[in-house]
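A look at the structure
For reference, the chains in residue letters:
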Amino acid sequence: MTTTRRRRATIWISIAAAVVVLGVVGTVVGTTVYSNAENAKAEATPSVAASRAPSTLGTKDLTGDWTVGGDSEAGYRVHEVLNGSDVTVTGRTTKVTGSATVDGSSITAARIEVAVADIATDSKQRDSYFRDSALDTSAFPTATFALTAPVADAVPSGSGTTTVEARGDLTLHGVTKSVTATLQVGLNGDGVDVSGSIPITFADFGVQAPSLGFVKVDPDGAVEFLVHATPKR
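Predicted, not measured: the structure shown is a model, and the values here were computed from it. (Residues numbered from 1 in each chain as written. Predicted model: local features only at pLDDT ≥ 70, side-chain atom pairs only at ≥ 80, totals over all residues. Heavy atoms only, no water.)

Here the focus is the overall build of the protein chain. The helix and strand tally for the protein chain stands at 2 helices and 10 strands. Listing each helix as α and each strand as β along the protein chain from the N terminus yields α-β-β-β-β-β-α-β-β-β-β-β. Put simply, the protein chain has 233 residues, and 39% of those count as buried. For the protein chain, restricting intrachain contacts to residue pairs at least 6 apart in sequence, the fraction spanning at least 24 positions comes to 64%. Accessible area of the protein chain: about 12,600 Å², with a carbon and sulfur share of 56%. (Helix = DSSP H or I, 4+ residues; strand = E, 2+ residues; numbered from the N terminus. Buried < 20%, exposed > 50% of the residue type's maximum accessible area, 1.4 Å probe, protein only. Contact = heavy atoms within 4.5 Å. Areas by Shrake-Rupley, 256 points an atom, 1.4 Å probe, with all protein chains shown as cover.)

This is how it looks when you write it as structure tokens:
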């Protein structure tokens with residue numbers, strides 16, 4: 001091969017190598033950009049806000065029955081691989097109801113009910129699979145958490161917050177399991193805010209995590225909630 005031909009061959013090999021490198025870099029950058037964009041859609045982990053309204057409740061107002069309702073939300077957090085990208089997905093609903101009983105600063109009973117069929121993400125396709133295939137919400141439209149042991153020293157006074165462990169029964173997809181929730185509790189205006197997270201393994205509740213080729217969901221996830229409870233009048 002002449003010197004000129006060898007030089008041309010070297011140039012074309014270099015160009016081809018550069019194209020391959022740029023392609024790989026482009027794929028990595030594109031995947032990273034996509035992951036960042038999708039992850040930015042995920043809701044923050046529920047937490048009792050530091051900027052809560054000053055409480056209008058006195059110590060004597062705490063003991064008694066409470067109602068869970070307005071300004072409450074619940075849902076789930078899962079990790080999935082979507083089109084090769086690591087993505088965190090959160091679903092939320094504000095259709096949360098329930099009741100609780102407080103004795104002094106202790107929560108002695110509580111039951112929270114969530115309308116699972118109304119939990120939504122940014123994807124209608126994902127929500128349809130969640131409702132129809134994963135959780136069969138036509139047969140099991142709600143999920144519940146019922147406290148099974150009192151939680152002592154749970155409700156703080158003033159503007160402080162407490163972090164406590166709560167044992168209870170979680171019913172999801174028609175299956176009930178004993179779980180432990182980590183709760184953050186703080187007074188807020190006319191009531192009390194309680195945020196928490198319950199780690200779950202889907203198979204424990206008879207739920208098959210999706211694995212559809214282009215998307216694969218981890219076998220574990222979390223149930224998350226932020227509820228606002230007010231004393232019954």
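Next comes the rest of the account.
So, about a negative patch on the surface. Together, Asp86, Asp204, Asp218 and Asp220 line one region of the surface with negative charge. Asp204 sits in the partly exposed class, given a relative accessible area of 43%. (Patch = residues over 30% accessible without salt bridge, like charges linked within 9 Å, V, L, I, M, F, W, Y side chains within 5 Å. Salt bridge = Lys/Arg side-chain N within 4 Å of Asp/Glu carboxyl O. Lys, Arg positive; Asp, Glu negative; His and termini not counted. Charge placed at Lys NZ, Arg CZ, Asp CG, Glu CD.)

With that out of the way, let us pick up the packing of aromatic side chains. Tallied over the entire structure, the rule returns 1 aromatic pair. Their ring planes at 20° and their centres at 4.8 Å tell us that Tyr76 and Phe130 sit as a pair that is stacked. Pair noted here: Tyr76 is in strand E2 (residues 73-82) and Phe130 is in helix H2 (residues 124-134), with a separation of 54 residues, a long-range link. When its relative accessible area of 11% is taken as the criterion, Tyr76 is described as buried. (Phe/Tyr/Trp six-rings, centres within 6.5 Å; stacked < 30°, edge-to-face > 60°.)

Nothing here speaks to function; it is all geometry.
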